[in-house]
Amino acid sequence: LKVQDGCVNFCSYCIIPYTRGPVRSAPPELIVEQAKELKEAGYKEIIVTGIEIASWGVDLAGKPPMADMVAAICEAVPDVRIRLGSLEPRVITEEFCLKMKSYVNLCPQFHLSMQSGCDTVLQRMRRKYDTARYLESVRLLNEHFADCAVTTDMIVAFPGETEEEFGQSLEFIRKCAFADMHIFPYSRRPGTPADKMPGQHNNDTKESRSRAAIAVAEEMSIAYREKLIGTVHAVLFEETDGEFFTGHAPNYTKFYVRGENLHNEIRNVVVTEVYKDGVIGEIV
């Protein structure tokens, strides 16, 4: 469910503000109407998405906070799962967590945009937070949401990134203990400030740093999933994969379950073992 378009953050590596223009927010009454239509069509999970959903409302009368929009969706379709798309760390506050934790249909999986775990690189990226603020967001989410999964994106080999700065990023992501990560080597975008920065890295550096970051990300993902063994989760089943039917829990862990056709059904499943990119489970 797309709730906004556009972005005015002007991160140094990103072309989107130049191509998509300023923030345009869908009015809350339209968002609620569309959520109800999706429910009537049989959907059991809605992902709230946009170019930069943390900016939703800045162009509307009264500048309503994003949390108000999410709350309106959760209340409009209380028996439908609501999952949030990528979020900026700045929206994760004590007030946000206290408000959102009261909605049992809000999935406790939060994709917090990071890009780098090094303050000097974040400054060159023109990101609007530092690692201390980011870590505070992670702490708040883990404190307020049971079985919380925090996921993120990371860009490696940004122009001028030194080995020391890259090492700081690896150390930082370990502190955050992410449930899952997407690792991207920096990709030049003509027309962006980063495209003209000195210290552009070659493909060998991009590939070696990508491999190193992916190894840490996989280590953390396995550790997160191992902690789930023996716990029960409500899984929304989606498709088949060989002998398994697969689906996702509210924390976005992928479940592999042997059994009959479970498409679009929600079943309670106990985790028995870590498997591939998810876990194997048995229906309770």
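Structure first, text after, so check above.
Here's a quick rundown of the structure. Nothing here was measured: the structure is a model prediction, and the numbers come from that model.

The rules behind the values
Residues numbered from 1 in each chain as written. Predicted model: local features only at pLDDT ≥ 70, side-chain atom pairs only at ≥ 80, totals over all residues. Heavy atoms only, no water. Phe/Tyr/Trp six-rings, centres within 6.5 Å; stacked < 30°, edge-to-face > 60°. Helix = DSSP H or I, 4+ residues; strand = E, 2+ residues; numbered from the N terminus. Core = buried A, V, L, I, M, F, W, Y, C linked by side-chain atoms within 4.5 Å. Buried < 20%, exposed > 50% of the residue type's maximum accessible area, 1.4 Å probe, protein only. Contact = heavy atoms within 4.5 Å. Pairing = 2+ DSSP bridges.

### Describing the packing of aromatic side chains
Now for step 1: Scanning all chains against the criterion turns up eleven aromatic pairs.
Now for step 2: When the centroid spacing of 4.9 Å and the interplanar angle of 80° are considered together, the rings of Tyr-256 and Tyr-275 count as edge-to-face. Residue Tyr-256 is found in strand S10 (residues 254-258), and its partner Tyr-275 is found in strand S11 (residues 266-275); the two are separated by 19 residues along the sequence.

### Remarks on the nonpolar core
Now for step 1: Residues Leu-106 and Met-154 are the most contacted members of the largest nonpolar core, which totals 55 residues.
Now for step 2: Considering each element in turn, this core owes the most residues, seven residues, to helix H3 (residues 66-76).
Now for step 3: Once you skip the residues sitting within four places of it in the chain, Leu-106 turns out to touch Val-70, Cys-74, Ile-82, Leu-84, Met-100 and Phe-145.
Now for step 4: Grouped together as the second largest cluster of nonpolar side chains are 14 residues, Ala-179, Tyr-224, Phe-237 and Val-271 included.

### A short note on the pairing of strand S8 (residues 232-241)
Now for step 1: Note: S8 against S11, five bridges, orientation antiparallel. Bridge pairing in S11 places Val-235 opposite Arg-267.
Now for step 2: In terms of strand pairing, S8 meets strand S9 (residues 244-248) through five bridges, oriented antiparallel. Considered in S9, the bridge of Asp-241 is made with Phe-244.
Now for step 3: Counting the residues between successive antiparallel strands, the hairpin from S8 to S9 contains two residues, one of them, Gly-242, with a positive phi of roughly 65°.

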